[in-house]
Amino acid sequence: MLVILAFIILFHIVSAILLFIATIKNAWWVVGSDANSIYADLWYVCNNTFCGSIPNSASSDAGYLQAVQATMILSTILCCVGFFVFILQLFRLKQGERFVFTAIIQLLSSLCVMIGASVYTAQHTSFQEQKLQQGGYGYTFVLAWIAFPMTLISGLMYLVLRKRK
């Protein structure tokens with residue numbers, strides 16, 4: 001039981017780390033070679049010497065970008081809250097009960113990641129400048145998609161898990 005508990009905690013922490021990296025780092029979209037690369041994330045467009053905000057990111061034209069920002073932040077927050085709820089439930093639940101509340105929070109986090117990454121996949125050209133349209137998805141975009149099944153599996157593990165002695 002202790003090994004399973006350690007695995008679930010480790011799985012949850014890895015999911016949270018992936019969500020933090022995917023939300024914070026600036027490589028959702030990459031244009032150019034290594035020497036002259038331009039990186040775009042959810043908040044900034046950066047090259048080797050300068051970082052500036054995404055043009056018109058505060059306007060209503062960038063509603064899709066704002067939806068991605070909100071869902072990725074919400075998924076990260078929910079994942080962290082889910083971990084603390086799990087720790088609390090670990091000491092509060094009676095023997096034989098399931099971690100349903102933690103599972104619901106993790107599944108909501110998974111849903112938010114899926115929505116954010118899906119919206120970015122479908123609408124990334126609508127809020128990027130013309131010079132950025134020739135690029136490709138960066139590693140943090142891939143990490144967001146990897147975090148989706150990890151949080152989903154974590155939420156399902158919490159549904160199945162029962163508290164034992």
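Keep in mind it's a predicted model, so treat the numbers as computed, not measured.

A.B. asks: Please clarify how the packing of helix α1 (residues 2-24) against helix α4 (residues 139-160) should be interpreted in this entry.
C.D. replies: Two measures define how a pair of helices packs: the angle their axes make with one another and the distance between the axes. Look at α1 against α4: their axes get within 8 Å of each other, and the N-to-C directions meet at 150°. By the angle between their axes, α1 is roughly antiparallel relative to α4. Once α1 is placed against α4, the crossing between them reads as left-handed. On α4, the residues touching Phe7, Ile8, Phe11, His12, Val14, Ser15, Leu18, Leu19, Ile21 and Ala22 of α1 are Tyr139, Thr140, Leu143, Ala144, Ile146, Ala147, Met150, Thr151, Ile153, Ser154, Met157 and Tyr158. Taken together, the residues that form the contact of α1 with α4 break down as 17 nonpolar, five polar and no charged.

A.B. asks: Help me understand the side chain of Thr151 in this model?
C.D. replies: Tracing the sequence through the fold places Thr151 in helix α4. One polar contact links the side chain of Thr151 to the main-chain carbonyl oxygen of Phe148, over a distance of 3.0 Å. Beyond its immediate sequence surroundings of up to four residues, Thr151 is in contact with Ser15, Leu19, Cys79, Gln106, Ser109 and Ser110.

Rules used in this analysis
Residues numbered from 1 in each chain as written. Predicted model: local features only at pLDDT ≥ 70, side-chain atom pairs only at ≥ 80, totals over all residues. Heavy atoms only, no water. Axes fitted to C-alpha atoms, helices over the stretch in contact; angles between N-to-C directions. Helix = DSSP H or I, 4+ residues; strand = E, 2+ residues; numbered from the N terminus. Parallel < 35°, antiparallel > 145°, perpendicular 65-115°, else oblique. Left-handed = near helix turned anticlockwise from the far one by under 90°. Contact = heavy atoms within 4.5 Å. Nonpolar A, V, L, I, M, F, W, Y, C, P; charged D, E, K, R; others polar. Polar contact = N/O pair within 3.5 Å; in protein donor to acceptor, adjacent residues only side chain to side chain.

Function-wise, these values are silent; they only describe arrangement.
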